[in-house]
Amino acid sequence: MKRAAVLTSGGDAPGMNAAIRAVVRSGIDAGMEVFGVHDGYAGLIGNNMVSLARRDVGNIMQLGGTFLGSARCPEFITLEGRQKAISNLEAYGIEALVVIGGNGSQAGSLDLAVMGFPVVGIASTIDNDLEGSDVTIGVDTAINVALEAIDRLKITAASHKRAFLVEVMGRKCGYVALMAGIAGGAEIVVIPEHESTPEQVAQQLRAAYDRGKNHGLVVVAEGAVNNAHKLIEHFEADPSTTGFSLRATILGHVQRGASPSASDRMLATRLGEGAVKALLDGKTADLVGIRNNQIVTTPLQDVVGKQKPIDLRLFELAQIMAQ
Ligand code: ADP
């Protein structure tokens, strides 16, 4: 293989830059020329790509986001859009594409691969909901950002005998909330995979209050039916049920922008190299991920449209630790 291209797509995740760097440098090491595509699939359709040298990807590993840019591109969902993307790639003599992104982006990878253009995906999303990888690029950093906020909120909560509802990202997946909840010592974790009613949250907060806790912490996944907004609405109507006075903090996109953790940089570097190896091994429609600390490939067919389940034993652990 002489020429490949790499792009980042969908929601940005800390570590994407490290993954681009790894694809470029591993590709060049293997004798390839690697093109960077700007703004995800929009750059393929808009013919916005440039050959990258080793030095072009220097000094970016420590930066969150993606220096290539990312975008959501509705045109790519159409057959005409993808045909245009393939003809632009072929005009440059590019033989394969590496797509760094989450569920939606890998659906795009599969659609392109089905049309005969070789694609290898790299598992990258702060939601950690992708099948085919135990963890995905960005989730460790996102959890650490959430944790830093939780630690700070606990200090102010304890000073005022308050409870905080902290809503974290993760779309329909409760992984970030569960990890941040356990590591942050939350009294309650509310996740889509194990829904709690406002009454249950109130009862658990009340129990913590009655046990003499001077603070309460509820970590809520944004994808839960009873997200922070819904819970606060409920408690505003009847503030007496929890014992604590209540505040809500929605962390939102602040979780995306951080400098990637060592763990995310390592993962991104290994997956980037793994993607180049997968291309050289002749993979044409696969996702590169990590399982049991081994870099593995999974057919995109088995990844797209699925949501990786979380380990509900960890939910029980969170409950035990909250007592
Ligand atoms: P993420 O990768 O973070 O899950 P999105 O779901 O926003 O991101 O998807 C990113 C882009 O991937 C979309 O804007 C679109 O261009 C492409 N995409 C998403 N779903 C599909 C699909 N089913 N078929 C083709 N392309 C898709």
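This is a predicted model, so every value here is computed, not measured.

A. Geometry of the site of the ligand. Inspection of the region around the ligand gives 16 residues, with Arg72, Cys73, Gly104, Ser105 and Asp111 positioned closest. Within the backbone of Gly102, a nitrogen or oxygen atom sits 3.0 Å from an oxygen atom of the ligand. Interatomic distance of 3.4 Å between a backbone N/O atom of Asn103 and an oxygen atom of the ligand. Here the ligand loses 82% of its free accessible area of 560 Å² to cover by the protein chains. The leading source of residues in the shell around the ligand is helix H4 (residues 103-114), at 6 residues. For the shell around the ligand, the residue count by class is 5 nonpolar, 8 polar and 3 charged.

B. Highlighting the domain arrangement of the protein chain. Under the domain assignment used here, the protein chain contains domain 1 (3-138 + 260-302) and domain 2 (139-256). Taken together, the contacts link 17 residues of domain 1 with 13 residues of domain 2. Between domain 1 and domain 2 the total buried area reaches about 1,200 Å² when both faces are included, carbon and sulfur atoms providing 49% of it. Contact with domain 2 buries area across many residues of domain 1, yet Ile126, Asp127 and Asn128 alone supply 44% of it, more than any other trio. At the junction of domain 1 and domain 2, the tally comes to 1 salt bridge. The salt bridge partner of Asp127 is Arg171, with a shortest N-O separation of 3.4 Å. Counting every contact that joins domain 1 to domain 2 gives 10 residue pairs in polar contact (both at pLDDT 80 or more). Classifying every residue of the side of domain 1 that touches domain 2 by side-chain character gives 5 nonpolar, 7 polar and 5 charged.

Criteria and cut-off values
- Per-chain numbering applies: the sequence of each chain, read as written, is numbered from 1 onward.
- Two thresholds apply to this predicted model, a pLDDT of at least 70 for residue-level local features and 80 or more for giving and counting side-chain atom pairs, whereas whole-chain, interface and lining totals are computed over all residues.
- Hydrogens are left out, water is left out, and the side-chain values use all remaining heavy atoms of the structure.
- Residues are classed as near a molecule or strand on a simple rule: at least one heavy atom within 4 Å of it.
- Here a polar contact is taken to be a pair of N or O atoms separated by no more than 3.5 Å, where protein atoms must pair a possible hydrogen donor with a possible acceptor and residues adjacent in sequence count only if both atoms sit in side chains.
- Under the convention used here, a 1.4 Å probe and the Shrake-Rupley method define accessible areas, while residue burial counts only the protein chains that appear.
- By the criteria applied, helices consist of DSSP H or I runs no shorter than four residues and strands consist of E runs no shorter than two, each listed in order from the N terminus.
- Asp, Glu, Lys and Arg are counted as charged, while Ala, Val, Leu, Ile, Met, Phe, Trp, Tyr, Cys and Pro are counted as nonpolar; the rest, among them Gly, fall into the polar class.
- Each domain's extent was defined by an automatic or database domain assignment.
- The contact criterion used is simple: two residues touch if any of their non-hydrogen atoms lie within 4.5 Å.
- Buried area is a sum: the accessible area each of two parts loses on coming together, probed at 1.4 Å, counted once for each and added.
- Definition used for salt bridges: Asp or Glu carboxyl oxygen within 4 Å of a side-chain nitrogen of Lys or Arg.

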